[in-house]
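One letter stands for each residue in the lines below.
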Amino acid sequence: MPQAPRTYAAALWMLGAISAFIAMAISGRAVASAHDTFEIMTYRSAIGLVLVLAAAVAGGQTAALRPRRLGLHALRNVFHFAGQNLWFYALTLIPLAQLFAVEFSYPIMVALVAPFLLGERFTPVRIASAALGFSGVLIAAQPWAAGGLSVGILIALGAAVGFAGSTLITKMMTRLAPMIEILFWLTIFQLAFGLILAGHDGTIAAPTATSAPWLLLIGVSGIGGHFCLTRALSIAPASVVAPIDFLRLPIIGVIGMLFYAEPLQGAVFAGGAVIFLATWINIRSERPVRLAKV
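In this text the structure is predicted, and so the values were computed from the model without any measurement. (Residues numbered from 1 in each chain as written. Predicted model: local features only at pLDDT ≥ 70, side-chain atom pairs only at ≥ 80, totals over all residues. Heavy atoms only, no water.)

A. Molecular detail of the overall build of the protein chain. The secondary structure content of the protein chain amounts to 12 helices and zero strands. Shown N-terminal to C-terminal, the secondary structure of the protein chain runs as helices and strands in the order α-α-α-α-α-α-α-α-α-α-α-α. By the compact-globule yardstick of 19 Å for 294 residues, the protein chain fits well, its C-alpha radius of gyration being 18 Å. In the protein chain, which comprises 294 residues, the share counted as buried stands at 49%. Looking at the protein chain alone, contacts between residues at least 24 apart form 89% of all its contacts between residues at least 6 apart. Accessible area of the protein chain: about 12700 Å², with a carbon and sulfur share of 73%. (Helix = DSSP H or I, 4+ residues; strand = E, 2+ residues; numbered from the N terminus. Rg over C-alpha atoms; globule rule 2.2 N^0.38 Å. Buried < 20%, exposed > 50% of the residue type's maximum accessible area, 1.4 Å probe, protein only. Contact = heavy atoms within 4.5 Å. Areas by Shrake-Rupley, 256 points an atom, 1.4 Å probe, with all protein chains shown as cover.)

B. Main features of a nonpolar patch on the surface. The grouping of Leu-112, Val-113, Phe-116, Leu-117, Phe-122 and Ile-127 at the surface amounts to a nonpolar patch, some 570 Å² of accessible area in total. Counting residues per element, the nonpolar patch draws most heavily on helix H5 (residues 106-117), which supplies four residues. Checked against the element boundaries, Phe-122 lands in the loop between H5 and helix H6 (124-141). For Phe-122, a relative accessible area of 39% corresponds to the partly exposed category. (Patch = residues over 30% accessible without salt bridge, like charges linked within 9 Å, V, L, I, M, F, W, Y side chains within 5 Å. Salt bridge = Lys/Arg side-chain N within 4 Å of Asp/Glu carboxyl O.)

C. Representation of the nonpolar core. Residues Trp-87, Phe-88, Leu-99, Phe-100 and Leu-249 are the most contacted members of the largest nonpolar core, which totals 56 residues. The leading source of residues in this core is helix H1 (residues 3-31), at nine residues. For Trp-87, the contacting residues outside a window of four places in its chain are Phe-21, Met-24, Ala-25, Leu-99, Phe-100, Glu-103, Ala-159 and Phe-163. Within the second largest apolar cluster, 13 residues are counted, among which are Val-52, Ala-64, Phe-184 and Phe-189. (Core = buried A, V, L, I, M, F, W, Y, C linked by side-chain atoms within 4.5 Å.)

D. Broad picture of the environment of Leu-75. Considering the arrangement of structural elements, one finds Leu-75 in helix H3 (residues 70-90). Here the alpha-carbon distance between Leu-75 and Val-268, two residues 193 residues apart in the chain, equals 32 Å.

E. Molecular detail of the packing of H3 against helix H8 (residues 179-198). With their axes 9 Å apart at the nearest point, H3 and H8 run at an angle of 60° to one another. As judged from the angle between their axes, H3 and H8 are oblique. Crossing hand, H3 versus H8: right-handed. Along the contact surface, H3 presents Leu-70, His-73, Ala-74, Arg-76, Asn-77, Val-78, His-80 and Phe-81, while H8 presents Glu-181, Ile-182, Trp-185, Leu-186, Phe-189, Gln-190, Phe-193, Gly-194 and Leu-197. Here the contact of H3 with H8 is built from residues that sort into 10 nonpolar, five polar and two charged. (Axes fitted to C-alpha atoms, helices over the stretch in contact; angles between N-to-C directions. Parallel < 35°, antiparallel > 145°, perpendicular 65-115°, else oblique. Left-handed = near helix turned anticlockwise from the far one by under 90°. Nonpolar A, V, L, I, M, F, W, Y, C, P; charged D, E, K, R; others polar.)

F. Molecular detail of unusual backbone geometry. Of note in the backbone geometry, Arg-69 takes a positive phi value of approximately 55° without being a glycine. Its place among the elements puts Arg-69 in the loop between helix H2 (37-58) and H3. The exposure class of Arg-69 is partly exposed, given its relative accessible area of 29%. Although it is not a glycine, Ala-261 sits at a positive phi angle of roughly 55°. You can see Ala-261 is positioned in the loop between helix H11 (248-260) and helix H12 (266-285).

G. Broad picture of the packing of aromatic side chains. Within the structure shown, the criterion is met by nine aromatic pairs. Considering the side-chain rings of Trp-13 and Phe-227, the 5.7 Å spacing of their centres and the 80° angle between planes classify their relative orientation as edge-to-face. In this pair, Trp-13 is assigned in helix H1 and Phe-227 in helix H9 (residues 211-235), connecting sequence segments 214 residues apart. Owing to a relative accessible area of 28%, Trp-13 belongs among the partly exposed residues under this scheme. Relative accessible area serves as the criterion here: at 46%, Phe-227 is assigned to the partly exposed category. Relative to Trp-185, the ring of Phe-184 lies with its centre 5.0 Å away and its plane at 80°, an arrangement referred to as edge-to-face. Classification of Trp-185 as buried rests on a relative accessible area of 11%. Stacked on the ring of Tyr-260, the Lys or Arg Arg-29 has its end atom at 4.8 Å from the ring centre. (Phe/Tyr/Trp six-rings, centres within 6.5 Å; stacked < 30°, edge-to-face > 60°. Lys NZ or Arg CZ within 6 Å of the ring centre and 35° of its normal.)

H. Quick peek at helix H7 (residues 151-173). For H7, with 23 residues, the first-to-last C-alpha span of 33 Å sits near the 33 Å given by 1.5 Å per residue. Among the 23 residues in H7, 17 count as buried, and that is most of the element. (Expected span 1.5 Å × (residues − 1).)

I. Quick peek at the side chain of Ser-105. By the element assignment, Ser-105 lies in the loop between helix H4 (96-103) and H5. On the basis of relative accessible area, Ser-105 is assigned to the buried category, the value being 3%. There is a polar contact of 2.6 Å between the side chain of Ser-105 and the backbone oxygen of Val-102. Once you skip the residues sitting within four places of it in the chain, Ser-105 turns out to touch Val-137, Leu-157, Ala-160 and Ile-275. (Polar contact = N/O pair within 3.5 Å; in protein donor to acceptor, adjacent residues only side chain to side chain.)

Purely spatial values, then, with no claim about function.
Here you go:
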């Protein structure tokens, strides 16, 4: 396929991913009063497992679901489970745009740690882009403002660390395992973790008539968003895909203003723009890298 049509196709897939991730954020807000984060992850993973199994059967890939590399899958999912739970919790504490801006710092964390874990080059450009990205996080978080670093900001940073750890291990695993295997064990481990932690107090809140549609949307959008992102990265370089993903920030900012009375903070958008610039510089300086919070 010529480059221009591939770029357009990747843009369409990214619009699907952006829509899915925004839908997951809105749904997470909607069910926060009825379910804790562990329950949300349990239902999300159960729905995701059904979808992944259906895809494996339809695609004739059930052989890829055999138990292999379980140690790596477990480690990856500890990071992902922690990051996703912290992300859902942060949804209830800080404005949506601020959460998304801080979340965008995770590729910078990956760039800093990848040379030590994956043997990638530790270049001056990578160091400079990491410093620039960190300054963007500071601008978005505004620790110098009244009250300093809020609990919500710190939790959002914790979520970014979880996503970074998950991404680093995913990059290792994509050299060894097909995507359907990674997604299958993602849903299995996340479901197990969710059931254990959601049921630690002896009760797991059942979906209600109000929360059930939102939980279904979380499950579908979670898997669907990662599928769209993976498809976009499979047909276009990360240097094309990453800038499109940044559209999530202004879109969620407008949604937060219209539906949650959240102010449009210039510092949040400025910080997000700096984080995006740092990520783009790092991607452009390297060979195309596929980063996905699968």
